[in-house]
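# Observations on the three-dimensional arrangement
These are the residues of each chain, in order.
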Amino acid sequence: MTAVLETTAPPSAGAPVTTKPARRRHVALRVLAVVVLLVLWELTARFMRNPTFIPSPAAVWHQLIVTSTDGYSGHLLIEHLGVSLRRILIGSLIGVAAGLVVGVVMGTVPWVRVVTEPVVTFVRALPPLAYFSLFIIWFGIDETPKLWLLSIAALPPVAVATAAAVHAAPAGLVEAARALGAGRGDVVRDVVLPHALPEIFTGIRLAVGIAYSSVVAAETINGVPGIGGMVRDAQRYSQTDVVVLGLFAIGLSGLLIDALLRQAEERLVPWRGRI
């Protein structure tokens with residue numbers, strides 16, 4: 001097995017190199033883009049003169065202070081965000097784990113792929129609210145339907161990416177592993193999965209993003225505490241500044257988790273783009 005895996009190119013082959021000046025330019029461009037967006041936001045808010053339609057950055061900042069100190073609906077902003085992140089974490093873990101299993105089986109067993117691929121595609125095409133009502137009927141209004149929703153939303157991207165990557169494993173490496181006496185399980189573990197890891201990580205990042213986009217739908221019912229529930233509650237009372245604050249909280253925390261996933265990918269899949 002070692003001889004098979006050593007046929008890949010060295011890690012340095014074709015690896016993109018980002019220099020420190022280039023990284024500084026990237027950071028400077030991103031900071032400049034944020035400043036420009038803030039200026040445009042402020043100008044638009046002043047032009048519209050309707051805080052219910054477009055609140056100013058100062059109004060959203062004020063709500064950040066208020067919700068972080070006095071809270072909203074009896075809970076601090078960090079508590080709302082923490083509850084939502086816990087739901088997203090649990091739902092994503094369940095969805096990713098199930099998607100990996102389904103994807104590996106789909107990629108290695110042809111008849112299973114024929115049977116399950118239309119089902120996975122069908123579920124992927126459904127908007128979360130389309131089946132959330134069923135979960136409420138089946139499981140009530142507590143945590144269970146929310147976790148089911150996020151899990152089902154996160155499963156298809158991982159399953160599709162994993163199945164495609166496993167199915168596209170190099171036939172030469174697979175045959176060489178079998179010639180060395182490797183069984184089906186050994187081939188999947190030592191050859192197929194390492195080759196598929198880059199695409200699997202892409203599917204995981206997509207799954208977490210979909211779970212984030214589904215959290216507001218998951219918290220439409222009995223979602224307080226929860227950042228999505230806070231957004232929905234503020235929407236009912238036309239508190240646009242709180243709605244915008246909640247969206248920023250979801251988006252910024254999503255950026256942070258995506259950055260953590262990128263770091264994990266770089267450590268676990270250092271050969272991506274180099275073979």
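In this text the structure is predicted, and so the values were computed from the model without any measurement. (Residues numbered from 1 in each chain as written. Predicted model: local features only at pLDDT ≥ 70, side-chain atom pairs only at ≥ 80, totals over all residues. Heavy atoms only, no water.)

A separate point is the pattern of salt bridges. Per the counting criterion, the structure on display carries 8 salt bridges. When the shortest N-O distance is used, the salt bridge between Arg87 and Glu143 registers 2.7 Å. Within this pair, whereas Arg87 is found in helix α4 (residues 77-108), its partner Glu143 is found in helix α7 (residues 143-167), the two being separated by 56 residues in sequence. Using a relative accessible area of 4% as the deciding quantity, one classes Arg87 as buried. A relative accessible area of 24% places Glu143 in the partly exposed class. (Salt bridge = Lys/Arg side-chain N within 4 Å of Asp/Glu carboxyl O. Helix = DSSP H or I, 4+ residues; strand = E, 2+ residues; numbered from the N terminus. Buried < 20%, exposed > 50% of the residue type's maximum accessible area, 1.4 Å probe, protein only.)

Summarising burial for helix α10 (residues 227-236): 7 of the 10 residues are buried, a large majority. Listed as buried for α10 are Ile227, Gly228, Gly229, Met230, Val231, Asp233 and Ala234. Phi for Ser238, located one or two positions after α10, is positive at around 55 degrees.

Attention now goes to the packing of aromatic side chains. Taken as a whole and judged by the stated rule, the model has 7 aromatic pairs. With a centroid separation of 6.0 Å and 55 degrees between ring planes, the pair formed by Phe135 and Trp138 is classed as tilted. Highlighted residues: Phe135 and Trp138, both in helix α6 (residues 128-139), separated by 3 residues, approximately one helical turn. With relative accessibility at 55%, the residue Trp138 sits in the exposed group. Considering the side-chain rings of Phe135 and Trp148, the 6.0 Å spacing of their centres and the 40 degrees angle between planes classify their relative orientation as tilted. Here Trp148 lies in helix α7 and Phe135 lies in helix α6, a separation of 13 residues in the sequence. Taking relative accessible area as the criterion, Phe135 reaches 7% and is therefore assigned buried. (Phe/Tyr/Trp six-rings, centres within 6.5 Å; stacked < 30°, edge-to-face > 60°.)

When the UniProt feature table is mapped onto this chain, "transmembrane region" (unreviewed entry) is found at residues 27-48, 88-109, 121-141, 147-169 and 242-261. In the segment residues 147-169, helix accounts for 91% and strand for 0%; the C-alpha atoms at its two ends are 33 Å apart. (UniProt positions renumbered as here; feature names shortened; annotations may be inferred.)

With that settled, the discussion passes to the packing of helix α3 (residues 57-69) against helix α11 (residues 240-268). Two numbers describe how α3 lies on α11: the axes approach to 9 Å, and their chain directions differ by 75 degrees. Viewed along their axes, α3 and α11 adopt a mutual orientation that is roughly perpendicular. Residues Ala59, Val60, Gln63, Leu64 and Thr67 of α3 form the contact with α11, whose own contacting residues are Asp241, Val242, Val244 and Leu245. (Axes fitted to C-alpha atoms, helices over the stretch in contact; angles between N-to-C directions. Parallel < 35°, antiparallel > 145°, perpendicular 65-115°, else oblique. Contact = heavy atoms within 4.5 Å.)

Here the focus is the environment of Leu81. Tracing the chain through its elements places Leu81 in helix α4. Residue class for Leu81 comes out buried when judged on its relative accessible area of 17%. In this structure the C-alpha to C-alpha distance between Leu81 and Gly228, which are 147 residues apart in sequence, comes to 8.5 Å.

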